[in-house]
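Coordinate analysis (summary)
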Amino acid sequence: MSRLAIITPSFAPDFDRCADLHRSVLAHSPDSIRHHIIVPRADLALFGQLSGPRAVIHDEADFLPRSFRSLPGGNLSVNLRRPFPPLRGWILQQIIKLAAAARSDADVVVLVDSDIQFVRPFSADTFRRDEVVRFYRKPDEVDERLPRHVIWHQVARSLLGVPPAAPPYPDYVSSLLAWDPAVVRRLLARVESVTGRRWADAIGGKLHFSEWTLYGVYVDEVAGAGTNVDSFRVADTLCHAYWEETPLNEHAMREFLGAIQDHDIAVMISAKSRTPTPLRRRALTNLSLG
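Calculation criteria
Residues numbered from 1 in each chain as written. Predicted model: local features only at pLDDT ≥ 70, side-chain atom pairs only at ≥ 80, totals over all residues. Heavy atoms only, no water. 1 Å grid on protein atoms, 1.4 Å probe; cavity = no way out; pocket = protein on both sides within 12 Å on 5 of 7 lines; lining within 4 Å. Points joined across faces, edges and corners; volume = space filled by probe spheres on them. Helix = DSSP H or I, 4+ residues; strand = E, 2+ residues; numbered from the N terminus. Nonpolar A, V, L, I, M, F, W, Y, C, P; charged D, E, K, R; others polar. Pairing = 2+ DSSP bridges. Buried < 20%, exposed > 50% of the residue type's maximum accessible area, 1.4 Å probe, protein only. Arc of directions from axis to C-beta. Contact = heavy atoms within 4.5 Å. Phe/Tyr/Trp six-rings, centres within 6.5 Å; stacked < 30°, edge-to-face > 60°. Lys NZ or Arg CZ within 6 Å of the ring centre and 35° of its normal. Right-handed = clockwise from strand over helix to strand, strands pointing away. Axes fitted to C-alpha atoms, helices over the stretch in contact; angles between N-to-C directions. Parallel < 35°, antiparallel > 145°, perpendicular 65-115°, else oblique. Polar contact = N/O pair within 3.5 Å; in protein donor to acceptor, adjacent residues only side chain to side chain.

The subject of this paragraph is the layout of surface pockets. Its volume calculated, the second largest pocket comes out at about 370 Å³. What lines the second largest pocket is a set of 22 residues, and nearest its centre among them are L4, A5, R34, H36 and A106. Mapped onto the lining of the second largest pocket, the elements with two or more residues apiece are strand 1 (4–9), strand 2 (34–39), helix 3 (89–103) and helix 4 (124–127). Per-class residue counts for the lining of the second largest pocket are eleven nonpolar, six polar and five charged.

Here it is in structure tokens:
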């Protein structure tokens, strides 16, 4: 039987959303699945309310090198080995995801942010088939219309020692993605071999970076047939997502949820949309998928 672990980095402002996510994990997945929630040390007591047989609360410092230190009064940290540029919060979170996935002894990890909720049953078999982990890849989606995505591809290719290539590139970015921990370990070893630096130092020194893109470029350009990924390469995300930064109201929420596809197992309403928590919670609680 395949083992699946869910990994969620979070912090105090996202506690209510994370609590809703965890309740949805309990409601829609087998008892064998564990939810690992990784938070700053200052938030351990708050998130400890979620601790239980299927929830493990971790201190994010346990997944970071000792040379990484938080700076007071902002969402920045510093790597004492290389203080400039400072580590941005979103880069730090991606390093935590990579470290947690690499350390996992599960067969597949699913990285899930706090603004997602599961709405249909799922198991390890949803994300792993014939010993191959599901690989999300949408061909020819990234070009000059998505300049940040283009930079992410360029950075990933540099970190992995892959020759430059012109767009269009595949899109590997989604709100709900599965990784093979063994592949993550090999790609981090590749980064260290190419850069001659500890992988966290190499990634932490970047101003722009996407963990999803690094994994995707590695699987496509480096790992190749060794992953047998072609047997489970897909272009659907399994997650119905709202990425806009405009709050949903009652009418917009009904329209959004009405567009859920039969294969979607989760819903993501971006925290940046500032959609009121009571509306979000009520709508998802009352959601009927037949």
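What follows concerns the sheet that holds strand 5 (residues 76–79). Across the sheet, three strands lie side by side as 4-5-6; this open sheet has antiparallel pairing. The open sheet is flanked by strand 4 (68–70) and strand 6 (87–88), the only strands paired with a single partner. Bridge count for strand 4 against strand 5 is three bridges, and the pairing is antiparallel. Across the sheet, the residue bridging to S70 is S77, located in strand 5.

This part takes up helix 10 (residues 277–285). Every α-helical turn comprises 3.6 residues, leaving residues that sit three or four positions apart pointing alike. Within the span of helix 10, buried status applies to L279, R280, A283 and L284. Down the axis of helix 10, the smallest arc covering the buried residues is 115°, so these residues share one side. Set apart from the buried face of helix 10 by more than 90 degrees, the exposed residues are P278 and T285. Its buried side turned inward, helix 10 meets helix 1 (15–28), strand 8 (116–118), helix 9 (250–258) and strand 17 (266–269).

A separate point is the packing of aromatic side chains. Tallied over the full model, the rule gives eight aromatic pairs. Where W179 meets Y215, the ring centres are 5.2 Å apart and the plane angle is 15°; that geometry is what we call stacked. Residue W179 is located in strand 14 (residues 176–179), and its partner Y215 is located in helix 8 (residues 211–223); the two are separated by 36 residues in the primary sequence. Of the two residues, W179 and Y215, neither departs from the other in class, the shared state being buried. Here the aromatic cluster, defined as three or more aromatic residues joined through ring pairs, consists of F135, Y172, W179, W212 and Y215. Here R129 stacks its cationic end above the ring of F232, 4.0 Å away from the centre of that ring.

The subject of this paragraph is the pairing of strand 16 (residues 239–242). With four bridges joining them, strand 16 and strand 17 adopt parallel strand pairing. The residue of strand 17 that forms the bridge with H240 is V267. As a crossover connection, the stretch from strand 16 through helix 9 into strand 17 is right-handed.

For the pair helix 5 (residues 147–160) and helix 6 (residues 181–195), interaxial distance at closest approach is 7 Å and the crossing angle is 75°. One way to sum up the angle between helix 5 and helix 6 is to call them roughly perpendicular. Here S158, L159 and L160 of helix 5 lie close against helix 6, whose contacting residues are L187, R190, V191, V194 and T195. Along the lines of polarity and charge, the residues of the contact of helix 5 with helix 6 split into five nonpolar, two polar and one charged.

Within the secondary structure, T8 sits in strand 1. Note on T8: relative accessible area 0%, which makes it buried. C-alpha of T8 to C-alpha of L46: the two residues are 38 residues apart in sequence and 15 Å apart in space. Other than its neighbours up to four places away in sequence, T8 contacts C18, L21, H35, H36, I37, I38, V112, D113 and S114. Separated by 2.8 Å, the side chains of T8 and H35 make a polar contact.

The next thing to look at is unusual backbone geometry. In this model, P167 is joined to P168 through a cis peptide bond whose omega is 15°. Relative to the assigned elements, P168 resides in the loop between helix 5 and strand 13 (169–171). Phi angles above zero are rare outside glycine, and E131 is one such case at about 70°. E131 sits in the exposed class, given a relative accessible area of 64%. Residue D140 is not a glycine yet carries a positive backbone phi of 55°. Within the fold, D140 resides in strand 12 (residues 138–142).

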